[in-house]
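What follows is the residue order along each chain.
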Amino acid sequence: MLFDELRREPVGSSALATELAGWRTFGKRTVYSTTAASGVAGRVVADTFTNEFWSSAQRQGHGLHEVSYRACFKPELPGFFIARLTKPGDVVYDPFMGRGTTLLEAALRGRVPFGNDVSPLSAMLLRPRLSPPRQADVESRLASLDLQVCDDVRDDLLAFYHRDTLREIGALRRYLLTRERSGEIDAVDDWIRMVAVNRLTGHSPGFLSVYTMPPNQAVSVVSQLRINEKRNQTPPRRDLCAVVARKSKQLIAAVSDADRASLAAVAARAVLSTAPAGATPALPDASVDLVVTSPPFLDVVQYKDDNWLRCWFCGIDADAVQITMARTVDAWAVTMRGAFDELRRVVKTGGHVAFEVGEVRRGSVRLEEVVLPVAVAAGFSPELVMIHAQKFTKTANCWGIDNNDKGTNTQRVVVLRRA
Ligand SMILES: C[S@@+](CC[C@H](N)C(=O)[O-])C[C@H]1O[C@@H](n2cnc3c(N)ncnc32)[C@H](O)[C@@H]1O
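This structure is a prediction, so every number in the text was calculated from the model and none was measured. (Residues numbered from 1 in each chain as written. Predicted model: local features only at pLDDT ≥ 70, side-chain atom pairs only at ≥ 80, totals over all residues.)

Caption draft 1: Focus on the overall build of the protein chain. Per the secondary structure count, the protein chain includes 15 helices and nine strands. Its C-alpha atoms give the protein chain a radius of gyration of 22 Å, within 12% of the compact-globule value 22 Å for 419 residues. When the backbone C-alpha atoms are referred to their principal axes, the protein chain occupies close to 70 × 50 × 40 Å. Within the protein chain, the fraction of its 419 residues that count as buried is 46%. For the protein chain, long-range pairs separated by at least 24 residues make up 73% of all intrachain contacts whose partners lie at least 6 apart in sequence. (Helix = DSSP H or I, 4+ residues; strand = E, 2+ residues; numbered from the N terminus. Rg over C-alpha atoms; globule rule 2.2 N^0.38 Å. Buried ≥ 20, exposed ≤ 12 C-beta atoms within 10 Å, placed from the backbone. Contact = placed C-beta atoms within 7 Å.)

Caption draft 2: Region of interest: the nonpolar core. Residues Val291, Val371, Ala375, Met386 and Val414 are the most contacted members of the largest nonpolar core, which totals 109 residues. Among the elements that make up this core, the one with the highest residue count is helix α14 (residues 367–377) (seven residues). Three or more residues apiece are contributed to this core by two domains, here domain 1 (15–121 + 256–305 + 317–418) and domain 2 (135–252). Every residue in contact with Val291, bar those within four places of it in the chain, is listed here: Tyr93, Asp94, Pro95, Leu343, Val347, Val353 and Ala354. (Core = buried A, V, L, I, M, F, W, Y, C linked by C-beta atoms within 7 Å. Domains from an automatic or database assignment.)

Caption draft 3: Here's a closer look at the site of the ligand. Cys72, Phe96, Gly98, Thr101 and Thr324 are the nearest of the 21 residues found near the ligand. Partitioning the shell around the ligand into residue classes produces 13 nonpolar, six polar and two charged. (Near = placed C-beta within 6 Å. Nonpolar A, V, L, I, M, F, W, Y, C, P; charged D, E, K, R; others polar.)

Caption draft 4: Geometry of the pairing of strand β7 (residues 347–358). Counted residue by residue, β7 has nine buried out of twelve residues, so it is predominantly covered. Pairing analysis gives five bridges linking strand β6 (residues 288–293) to β7, with the strands arranged parallel. Bridged to Val288 within β7 is Val347. (Pairing = 2+ DSSP bridges.)

Caption draft 5: Structural detail: unusual backbone geometry. Within the chain, Asn232 stands out as a residue other than glycine whose phi angle is a positive 55 degrees. Tracing the backbone shows Asn232 in the loop between α8 (221–231) and α9 (240–253). Given 6 C-beta atoms within a 10 Å radius, Asn232 is considered exposed. Even without a glycine there, the phi angle at Ala286 is positive, about 40 degrees. Along the chain, Ala286 turns up in the loop between β5 (271–274) and β6.

Caption draft 6: Inspection of helix α6 (residues 163–181) at higher detail. The first and last C-alpha atoms of α6 sit 27 Å apart over 19 residues, in line with the 27 Å expected at 1.5 Å per residue. Residues Thr165, Leu166, Glu168, Ile169, Gly170, Ala171, Leu172 and Leu176 constitute the buried set of α6. Here the buried face of α6 lies against α7 (187–199) and α9. Positioned one or two residues after α6, Gly183 has a phi angle of 75 degrees, which is positive. (Expected span 1.5 Å × (residues − 1).)

Caption draft 7: Structural view of the packing of α7 against α9. Contact geometry for α7 and α9: axes closest at 9 Å, N-to-C directions at 105 degrees. For the element pair α7 / α9, the angle class is roughly perpendicular. Where α7 approaches α9, its residues Trp191, Ile192, Val195, Ala196, Asn198 and Arg199 are matched on the opposing element by Val243, Val244, Lys247 and Ser248. Among the residues forming the contact of α7 with α9, the class breakdown is six nonpolar, two polar and two charged. (Axes fitted to C-alpha atoms, helices over the stretch in contact; angles between N-to-C directions. Parallel < 35°, antiparallel > 145°, perpendicular 65-115°, else oblique.)

Caption draft 8: Inspection of the confidence of the model for the protein chain at higher detail. Chain-level pLDDT for the protein chain is 90 on average; 93% of the residues reach the 70-or-more range. Scored below 50 in pLDDT, residues 1–11 shows 16 contacts in the model against residues more than four places distant or in partner chains. Within the model, pLDDT remains below 50 along residues 394–407, and this stretch shows 28 contacts once partners closer than five positions in the same chain are excluded. (pLDDT = per-residue confidence, 0-100.)

Dropping the structure here:
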């Protein structure tokens, strides 16, 4: 059903709705429909626009985003809303920030980033990229470290690493934890930790491990032993400093002087919080102009399992991180209601929320229909639902978020306004 075949106007009249209705950037017309849902606040209907709204090509965003994280979205998604719904100097917030895609994109565009995630890993992944060091400083710090001695090598990790590589990983881990506990950790250490975390495991010589799953999904030791047996492989020697320096160079090379100036203008005002999205006291009342976020989609992604090795390296007790893993839609809605009540406190009157949910359980659960009434009950007005549909990608499939049967996958963004 094409928008103009329907011969009806969307009820919303915002500039965003008008732009989405006329969108032709990738040659296709926008399909118009409505999303209707009922909740405690009654029946909610939202104009819904389906099209390809950003490029399906990989790695089109800024190179500084190129650190892996499970179920991260492409920078084009937050960029789309930041460009249209904020101006430089405004505050952009993500209560479920993951690797911090929304916040880095906001900062690169001169907006002040506020971020939160229940996992401390998130701030460790984002903070260093808001103030990237110079490559020479990274290399000279790496050269100054003594990574030859480590007295507490974890033998089970020999499933992933050559013994000499593991010794270096253990020594770097010990150095960073000691610096952190003594309060001496600085921006260069912070950067090295972020890069090392991203090199822990992967499937090419650019990573510290033997061949394994992609870097955002660490498998268990038992699974890795199975992979090694099946592939008849043993962990090769990797030089930790060389691997970290190479990835660091790739990230830093993407940062222009203009980027550094944009980041420097806002980094000092950044707020990075580690808390459940429903209780974020570090964030001031009525401080946020725009929220762009994607929460965990029910229990589709096992963040704890995927991040266990990263957490170990950073000294985080993964068992103590209270990640939302909702088995039912009702349980998920309760957590989202808590998150929206808190958003109502922190978002300015007239501010926007762009809340992205993927397709789960092969499209049988439409989380946008859950989000709409929950958000309205919390005091937000529905503006529209935007469905970005693009050709199926491998990455989307490995999140378990796809409608592979149709050869497309969608991202569904509920756009709301703080009434
Ligand atoms: C879909 S990921 C977000 C990815 C992010 N958009 C990005 O591009 O990296 C969802 C995130 O929510 C976090 N999370 C899970 N439960 C949470 C909760 N109750 N409060 C805050 N964060 C939570 C997870 O740790 C995970 O990083």
